[in-house]
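Read off the chains here:
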Protein chains: 2
Amino acid sequence: MTSDINRKPVRVAIDVMGGDYAPQEIVKGAIQAVEQDGTELILVGSEDAIHKELEQYDVSGLPVRVVNASEVVHDGESPVAALRQKPDASVLVTMRLAKEGQADAVVSMGHTGAVMVSAMEILGKLEGIKRPSAGSFLGGFAPNTIVFDLGPNADCKPRDLVNFAVIGSVVARKLLHISNPTIALLSNGSEEGKGNKLAKETYQLLKQSSINFIGNVEGNDILQGKANVIVCDGFTGNILLKFCEGLGNSTIEWLRARLGKHLAQKEIDAIGNDLFALTHIADVNGGAMIYGIDGVVWVGHGRSKAPEVAEAIHQVNLAVEANFLGELKSELGKLQ
Amino acid sequence: MTSDINRKPVRVAIDVMGGDYAPQEIVKGAIQAVEQDGTELILVGSEDAIHKELEQYDVSGLPVRVVNASEVVHDGESPVAALRQKPDASVLVTMRLAKEGQADAVVSMGHTGAVMVSAMEILGKLEGIKRPSAGSFLGGFAPNTIVFDLGPNADCKPRDLVNFAVIGSVVARKLLHISNPTIALLSNGSEEGKGNKLAKETYQLLKQSSINFIGNVEGNDILQGKANVIVCDGFTGNILLKFCEGLGNSTIEWLRARLGKHLAQKEIDAIGNDLFALTHIADVNGGAMIYGIDGVVWVGHGRSKAPEVAEAIHQVNLAVEANFLGELKSELGKLQ
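In what follows, the accompanying structure is described. Note that the structure is predicted; figures quoted are calculated from it, not measured.

Thresholds, definitions, all that
Residues numbered from 1 in each chain as written. Chains lettered and ligands numbered in written order. Predicted model: local features only at pLDDT ≥ 70, side-chain atom pairs only at ≥ 80, totals over all residues. Heavy atoms only, no water. Axes fitted to C-alpha atoms, helices over the stretch in contact; angles between N-to-C directions. Helix = DSSP H or I, 4+ residues; strand = E, 2+ residues; numbered from the N terminus. Left-handed = near helix turned anticlockwise from the far one by under 90°. Contact = heavy atoms within 4.5 Å. Nonpolar A, V, L, I, M, F, W, Y, C, P; charged D, E, K, R; others polar. Buried area = accessible area lost by both parts, 1.4 Å probe. Salt bridge = Lys/Arg side-chain N within 4 Å of Asp/Glu carboxyl O. Pairing = 2+ DSSP bridges. Least-squares fit on C-alpha atoms with pLDDT ≥ 70 in both. Buried < 20%, exposed > 50% of the residue type's maximum accessible area, 1.4 Å probe, protein only. Phe/Tyr/Trp six-rings, centres within 6.5 Å; stacked < 30°, edge-to-face > 60°. Lys NZ or Arg CZ within 6 Å of the ring centre and 35° of its normal.

1. Structural notes on the packing of helix α9 (residues 265–279) of chain A against helix α8 (residues 234–259) of chain B
The N-to-C vectors of α9 of chain A and α8 of chain B enclose an angle of 145°; their axes lie 12 Å apart at closest approach. Crossing hand, α9 of chain A versus α8 of chain B: right-handed. Note on element contacts: α8 of chain B touches α9 of chain A through L247, T251, W254, L255, R258 and L259 of chain B, opposite E267, A270, I271, D274, L275, L278 and T279 of chain A. By residue class, the composition of the contact of α9 of chain A with α8 of chain B is 8 nonpolar, 2 polar and 3 charged.

2. Observations regarding the interface of chain B and chain A
Residue-level contacts link 43 residues of chain B with 43 residues of chain A. For the pair chain B and chain A, the summed buried area comes to about 4000 Å², and 70% of that belongs to carbon and sulfur atoms. Counting across the interface, chain B meets chain A through 6 salt bridges. For E218 of chain B, the salt bridge goes to K242 of chain A, with nearest N and O atoms at 2.3 Å.

3. Side note on the sheet that holds strand β11 (residues 296–300) of chain B
Residue and element names in this part refer to chain B. One open sheet holds the 6 strands; their spatial order is β3-β2-β1-β4-β11-β10, and the pairing between them is mixed. Both edges of this open sheet fall to β3 (64–68) and β10 (287–290), since each of them pairs with a single strand only. Within this sheet the neighbouring strands show an average axis-to-axis angle of 20°, counted without direction. Looking at chain direction, strand β1 (residues 11–15) and strand β2 (residues 40–45) are connected through 5 bridges and run parallel.

4. Some points on the relation of the copies chain B and chain A
In the superposition of chain B on chain A (RMSD 0.0 Å, axial shift 0.0 Å), the rotation amounts to 180°. Taken together, the turn and the small shift mark the pair as related by a two-fold rotation axis.

5. Thoughts on the sheet that holds strand β6 (residues 146–148) of chain A
All names here are of chain A. Ordered in space as β5-β6-β9-β7-β8, the 5 strands form an open sheet in which the pairing is mixed. Sheet topology places β5 (135–137) and β8 (213–217) at the edges, where each strand pairs with a single neighbour. Between one strand and the next, the sheet's axes are offset by a mean angle of 25°, whatever the strand orientation. Direction of pairing for β6 relative to strand β9 (residues 229–231): parallel, over a ladder of 3 bridges. Bridged to F148 within β9 is V231.

6. Here's the deal with unusual backbone geometry
Omega for the bond connecting A22 of chain A with P23 of chain A falls within 30 degrees of zero, at 0°, which places this linkage in the cis form. Although it is not a glycine, H177 of chain A sits at a positive phi angle of roughly 60°. What makes H177 of chain A exposed here is its relative accessible area of 65%. At N323 of chain B, a position not held by glycine, the phi torsion is positive, near 55°. Note on N323 of chain B: relative accessible area 45%, which makes it partly exposed.

7. Here we look at the packing of aromatic side chains
Throughout the structure, instances matching the rule amount to 8 aromatic pairs over all chains. Where Y291 of chain A meets F324 of chain A, the ring centres are 5.6 Å apart and the plane angle is 65°; that geometry is what we call edge-to-face. Placement of Y291 of chain A in the loop between β10 (287–290) and β11 (296–300) and of F324 of chain A in helix α12 (residues 324–335) is noted, with a sequence separation of 33 residues between them. Under the relative-accessibility criterion, Y291 of chain A is labelled buried at 5%. Residue classification places F324 of chain A among the buried residues on the basis of a relative accessible area of 3%. Pairing Y203 of chain B with F213 of chain B gives two aromatic rings, centres 5.1 Å apart and planes at 80°, and the pair type is edge-to-face. Taken together, the residues Y203 of chain B in helix α7 (residues 197–208) and F213 of chain B in strand β8 (residues 213–217) connect sequence positions 10 residues apart. Here the two residues Y203 of chain B and F213 of chain B agree in accessibility, since each one is buried. Three or more aromatic residues joined by ring pairs form one cluster here, namely F148, Y291 and F324 of chain A. The ring of Y21 of chain A has K305 of chain A sitting right over it, with the charged end atom 4.6 Å from the ring centre.

Next comes the structure, spelled out in structure tokens:
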């Protein structure tokens, strides 16, 4: 909810055609978000399909606008090729609305690669950024620790990790409200001088920077909350994120057998569900903002339903209201 | 126990001066091993100290020999410098016994770096090997899956990962008795073409080799036992191993609170201890063999006590009896 009466509502463009449950669940979630956050909606996709969905809701008086897009990028298509062949794809039209200043943020539950590529091509990358990055909690055990990068940047240079440190720092301040976030480097030893070549070189850059760098942390430190932002290459980050899910699954399975003789099934199920949520952050979040783009962009899971869509819109809303992008640009600019 | 009456007993040289509880616990564990496995022992270190310890046991008729070494490398010393300044260090004397053919295997609970460096310098590395590697189960949930490398090789070339695949394959066959072990590459996606530069290049080498390569696995696949041997660089492996411990710790702490209202403290403690064992493989193993050295060498934790010492001797015993080293040399030779 916007608390400031004078503040203009945030305008969110939504790729209504993207996702396994598009367009039904996307429209449903979007309408929920208007009601909850007072967001101004731009629904992008097949006009006919969208109007048919909207008929189910009473949207009179709600700030909802429909923009037609005649094409859709489907899962399995090569993003670059598909975007070339489909200039009127919903994901492209959505990005163009942000580029032209008609929307403050973009949400898509569609083809992740297509969202990434269209965001890079149309909105453009921020100064010094090679590819958008993804960062998040690595499971629910450390609510004040985010790890960057979790996937898109498999091969990194030291400079990229410094960028992640800056991005993570702004995310921690503006979105997690941590006032002076600490930044650490993920390594195979805590002392300076430990690490692979990338980590050792990054250590020196971070040390010389104005970043609030506290040194190396090891794998066992991540969930102990030793730092607010932990940087690593996206290959390592992605493997860690998925290993967290895998160990969570193995532990849940083991606990089911181990607790079987002690607890009622209902209780065991509840413990299993709780541990699942603590170790499957990607499922809980339903998606993530991508960072390093000149825009506020949310890439959701294909399997997102209305609640995840509403939450995504809520999150980009908060980011726009906090002037996250302006702050990030300013911080990255200082680095150059 | 050696079942073959005609087989010569395995001769194990033990660095009695290495470890937090040296020499008492080392001698105690070694004597246990002689009694259990019929191993022939060579105790290396200060003769006076060793004889004083031996007075506590009835060793008459047992195959125990003492070899004097007048110096010790202590924790915190730089391995290379210490080994230069202390030519009669117990770890060096132990390695020399193996080099000269007086011992079939070496066990040390001392300074890990000093063991690694002295093994490389005195025993030498196998064909094509840059540094010794370490591999093991990544927690107890996947008893037929080992990950290589878990630490020593922070920076790897594709060729190194192929060597890990060969080493892991021989470990799986000869030490874990898996007849035709499957080998996979850890990556950030299951399809060919996914990965960082190292993984992509390694994929091609593994595909072209005669190794039983089944493709990429992701972080969540490790504990599902999708392959018997999973290869990655030692930086990633080390972080995963420690993250496994960290997530184990977080889960145990959470379970203690979560189960508090349901179970008796004794039961909760038992569950915590079991989960600790499942997620802290390095603590459970008490050390590991290092691979890629022209010798059978066990590097134990400094905190090892008699049971860990006896287990280490038992493990190198099995490796010698299985002709692990001969097989590994032959397989690495085929690769060149």
